[in-house]
Amino acid sequence: MSNINFLPTIEDAYGALSAEQLDILRQQVLSEGGDIASIQSRFNYAWGLVKSHDAEDQRLGVKLLTDIYKESPMRRRESLYYLAIGCYKLGEYAMAKRYADALVAHEPDNAQARTLKAMVEQKIQTEGLKGAALVGAGLAAVAAAAGFLLRQRRP
Amino acid sequence: MSSGTSGDQISHFGKTLTTTASLVFGSQSMEDTILSYSSPYKKILHDTITSSGGTSSLMKVERSGRMFTPFRTRNSAFQDIFHASSGRGYFKNGFSDTRTSFQVLSYLSDAMLADIPSSESAAATSGKLVTEKGEKGKKKRAETAHARGPSLYQGFEASLPTINQTITTHQKKQIMNRDIKSIRESDATPEDVGQDVDIEKGEEETTHDEFTLPKGIKPEHLSNSYSIKNLKGAVQTITDNLDLLEIQKNLAASEIRELDLKMEKLKLMRDLVFRRVAKIEQNELFLEKHLMNIRERIDMIEEYNLDNDTDAEKAYEEATSAPEDTKDQYSELPDANTAESGETVVQEPQVNLASAQKSLKKRSKQTGYSHKNHEKKVQQHEFRHLRKTYPTLQQYYEPGANILSFDSAHEDNVTCLDFNLPFGTLCSAGKLDPTIKVWNLSKNKHVASITGHLATVSCMQMDQYNTLITGGRDALLKMWDIQKAIDNDSIPSDEVCIYTFDSHIDEITALSFEANNLVSGSQDRTIRQWDLNNGKCVQTLDINFATGGNLSRSMIGSGFLNTNNDHPIIGAIQCYDAALATGTKDGIVRLWDLRSGRVVRTLEGHSDAVTSLQFDSLNLVTGSLDNSIRIWDLRTGTLADTFSYEHPVTCLQFDLNKIVVANQEGTVKVYNRQEKKHWFCGGDEHSENAVEYVRYKDGYLVEGRANGDINAWAI
């Protein structure tokens, strides 16, 4: 409580755990019986995976978070937040946006959720701009080339 | 913008994919949980114990020095998500790249996204989220966190320090412990499964055996230090540590809540399955009954050479007997639960069978008793080859659970009762009423009343085939075919009675039959042995021991209409083959050899009248008015054990697992022979309404009480 926020910020999703740490978390889940392990243990492992540098591990982490979401209705609000962060980190902005939207829809007053949503939207926008810029650049290049060709052909 | 729409398209595509995928996977996992809930854990247990050929994973880890990877590269199936050491293995398949399959597998449907509980606690969470962010101060935060456990993320952060500690300090040892733990834990019930933090803490406690202060703080430094700054630093560290511990505590608490929820769910599931077992079992009994009838019919045809393939006769019989018989048959169909389809299938034979039974009855009436008995013998012979399904439902009740109750089954106290198999038929008799009542234990209702005795029925025994033998104060022993009464409630009682054994000259107090042997003990101080094949008395054994002045009193006192409760001379009797055991008023248990008609052994020890006894191949258990039960070893003839109660024991029964005792208290006393534990079952300990009589078979206990109530319990 003192040093730990109630929910992680986006920065908390970075800073990978060591392989040993991750493996301890996994062993813990396994020792509790895999699918029937407690939510906390599974979350620990999932979050550890999300923090990882490896995109595949992150994906597995998000998948585990989805399972937690499905299984424990009481934890759903929380899980949405984690899911959104996980997808954000993965670059799955469309998914992240879905989760963030759902979260804000259920908790319109939650500042943290709104921040997250804004962040995701911003990201999508910049990505979109980037895409548009790319397309635009491509078009310009094509036009230039065509113009060049045409100009060459004309005389 | 364009990527936004493309993202939507992807998610839309994903949606269609997932609905199919989730249908496939979802239904499968559902089946898994229902059919074999423990299968994932079993697999892991198996993996843990038998990790490639004999050597346990523990040993292997130690030897090879690979600390953390005993499970790696084991399984990459979809279901074993936790076995996949990285995401790559898990999402890999032949059809799409990992990203697509990830999107499909971790897709949440819109309905699921929308379905977020908005209960009070959830509202509290949302409020809390705001306050968390709103920097309202530590105190408030702590309060709200108390209101509903910490978040998962907090739990994660809180468990990190212990994990790091695990790694840095005694590394090897911890890993070993952990693996041992993992084996032990997956062996245990889910409730025992703690979480990471708890285990770490537990280990800490066992290894250090005491709690330590946080790093860098030493008690002697604190007590000797005069630097306010240092001390304040220490205060800060310890406060932080306390906060951490608080989180861990809350985590564990929320874990418990979670487990409670899970248990609740499992309980619901158990109830469902339980009902399914009950239904199946009823169906089984129903079918079996008809199978029995068909065999009987075949038997009858064979016996009288009536084999006739032309349908004329059948049709004739059908026409004559169909109307009333079908009605009868239907009236006792095991209610709507039984399969509809089964009903139509069996309907045809039913009619024939009913008529067959009728013709059997007619014939046997003409040929008289000996034939009837023969018929019964054939029937019994037939049963030996019959596939018999045994009811198992009572095993799935919680021990001590009340299965059913018949309130005020009799007007006065229940003198005796017996039932054949659990959820089968129960017969009972009351004190002031010479009728025998028949109950259906699976349908929980009264099916028939049988009259015939002239006075109180004081003892009875019933076998698997609904044959009942009763003995009463009218000095008569009667043998009944209860099935007839069940099949047709309006049948006159003298047709239900197969035979009356009439030789005793005083009240019959105990009887026992087995195979073709019936023995009965009476107040006329004799034991008679009867042959059930011809109804003849084979031998008479005299009980001759001195009861002093009691003799004349009991002779006078036990008139037919006398209802005083003088304790019987022969309190209990049981025969098996040529062996006979009797428990008598003088407190002595005698073992007889029926071939010679002599007492082969006497077991002395009880200081008052023996009221009940039972023996199996090893033990003889006797209960007496001296408040005790004694367990004798039959091989050595010595006392093996004895228990004392607060009131006189009136009735007992036992099997290999349990001894059940009625001792005129409000509860049935149960002794668990395996665990050597005493407990009691049913009702209020100090109830006025004492248990008079008890019968126990296969974990199914039926007791009759002083006010006429009859209850069945699972123990």
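Residues numbered from 1 in each chain as written. Chains lettered and ligands numbered in written order. Predicted model: local features only at pLDDT ≥ 70, side-chain atom pairs only at ≥ 80, totals over all residues. Heavy atoms only, no water.

Here the focus is the overall build of chain A. Within chain A, the regular secondary structure consists of six helices and zero strands. Starting at the N terminus and walking to the C terminus, you meet the elements of chain A as α-α-α-α-α-α. In chain A, which comprises 155 residues, the share counted as buried stands at 56%. Nonlocal contacts in chain A, meaning residues at least 24 apart in sequence, comprise 54% of its contacts between residues at least 6 apart. For chain A, the exposed surface amounts to about 6200 Å²; the carbon and sulfur share of it is 60%. (Helix = DSSP H or I, 4+ residues; strand = E, 2+ residues; numbered from the N terminus. Buried < 20%, exposed > 50% of the residue type's maximum accessible area, 1.4 Å probe, protein only. Contact = heavy atoms within 4.5 Å. Areas by Shrake-Rupley, 256 points an atom, 1.4 Å probe, with all protein chains shown as cover.)

Side chains of a nonpolar character, in soluble globular proteins, are inclined to be buried together. The biggest cluster of nonpolar side chains holds 53 residues, and the ones touching the most others in it are F43(A), W47(A), Y82(A) and Y99(A). Considering every element that reaches this core, the biggest residue donor is helix 4 (residues 76-90) of chain A, with nine residues. Every residue in contact with F43(A), bar those within four places of it in the chain, is listed here: L65(A), I68(A), Y82(A), L152(B), Y153(B) and F156(B). Counting residues in each nonpolar core, the second largest holds 52 residues, with C416(B), F419(B), L701(B) and W713(B) among its members. (Core = buried A, V, L, I, M, F, W, Y, C linked by side-chain atoms within 4.5 Å.)

Right, let's get into the UniProt feature "transmembrane region" in chain A. Listed under "transmembrane region" in the UniProt record, and renumbered for this structure, are residues 131-150 of chain A. With 100% helix and 0% strand, residues 131-150 of chain A has its two end C-alpha atoms placed 28 Å apart. (UniProt positions renumbered as here; feature names shortened; annotations may be inferred.)

When pLDDT is averaged across chain A, the result is 83; 95% of the residues are at 70 or more. Across chain A, element-level confidence peaks in helix 2 (residues 39-51) of chain A with a mean pLDDT of 88 and bottoms out in helix 6 (residues 111-153) of chain A with 81. (pLDDT = per-residue confidence, 0-100.)

Okay, the state of the cysteines next. Residue and element names in this part refer to chain B. Throughout the structure, instances matching the rule amount to zero disulfides over all chains. C416 supplies the cysteine sulfur nearest to C651, a cysteine that is in no disulfide, at a spacing of 9.7 Å. Overall, the relative accessible area of 4% leaves C651 in the buried class. (Disulfide = S-S within 2.5 Å.)

All names here are of chain B. Positive phi is not limited to glycine here, since N466 has a value of about 60°. Along the polypeptide, N466 turns up in the loop between strand 6 (457-462) and strand 7 (467-472). On the basis of relative accessible area, N466 is assigned to the buried category, the value being 7%. Phi at D577 is positive, roughly 55°, even though this residue is not glycine. On the secondary structure map, D577 appears in the loop between strand 14 (570-576) and strand 15 (579-584).

A separate point is the pattern of salt bridges. Residue and element names in this part refer to chain A. Applying the stated criterion to the full structure yields 19 salt bridges over all chains. Close ionic contact of E107 with R77 constitutes a salt bridge, the shortest N to O distance being 3.3 Å. Taken together, the residues span a long stretch of sequence, with E107 in the loop between helix 5 (93-106) and helix 6 and R77 in helix 4 at a distance of 30 residues. Exposure remark for E107: the relative accessible area of 2% places this residue in the buried category. (Salt bridge = Lys/Arg side-chain N within 4 Å of Asp/Glu carboxyl O.)

Residue and element names in this part refer to chain B. Per the UniProt record, "repeat: WD" is annotated on residues 409-449, 452-490, 503-542, 564-604, 605-644, 646-681 and 685-715. Helix makes up 0% of residues 503-542 and strand 62%. Its end C-alpha atoms lie 14 Å apart. For residues 646-681, the helix share is 0%, the strand share is 53%, and the end-to-end C-alpha distance is 16 Å.

Right, let's get into the sheet that holds strand 12 (residues 526-531) of chain B. Residues and elements named next belong to chain B. Reading across from one edge, 10-11-12-13 is the order of the four strands in this open sheet, with antiparallel pairing throughout. A strand with exactly one partner marks an edge of an open sheet, and here the two such strands are strand 10 (508-514) and strand 13 (537-542). Going across the sheet, the axis of each strand differs from the next one's by a mean of 15°, ignoring polarity. In this sheet, strand 13 lies alongside strand 12 in antiparallel orientation, the contact comprising five bridges. For T526, the partnering residue across the bridge sits in strand 13 and is D542. (Pairing = 2+ DSSP bridges. Axes fitted to C-alpha atoms, helices over the stretch in contact; angles between N-to-C directions.)

Next up on the list: the UniProt feature "repeat: TPR" in chain A. The residues that UniProt annotates with the feature "repeat: TPR" are residues 77-110 of chain A. In residues 77-110 of chain A, helix accounts for 82% and strand for 0%; the two terminal C-alpha atoms are 11 Å from one another.

Attention now moves to the pairing of strand 17 (residues 598-604) of chain B. Residues and elements named next belong to chain B. Direction of pairing for strand 16 (residues 588-593) relative to strand 17: antiparallel, over a ladder of six bridges. In the strand pairing of strand 17, L591 is matched with R601. In sequence, strand 16 turns back onto strand 17 through a hairpin of four residues, with G597 there showing a positive phi of about 75°.

What follows concerns the packing of aromatic side chains. Geometrically, a pair of aromatic rings is defined through the distance of the ring centres and the angle of the planes. If you walk through the whole model with that rule in mind, you get twelve aromatic pairs over all chains. For the pair Y499(B) and F501(B), a centre-to-centre distance of 5.0 Å together with 80° between the ring planes defines the contact as edge-to-face. Members of the aromatic cluster, connected to one another through ring pairs, are F43(A), W47(A), Y81(A), Y82(A), Y153(B) and F156(B). Between the NZ or CZ atom of K89(A) and the centre of the ring of Y14(A), over which it lies, the distance is 4.8 Å. It is K697(B) that lies over the ring of F419(B); its NZ or CZ is 5.1 Å from the centre. (Phe/Tyr/Trp six-rings, centres within 6.5 Å; stacked < 30°, edge-to-face > 60°. Lys NZ or Arg CZ within 6 Å of the ring centre and 35° of its normal.)

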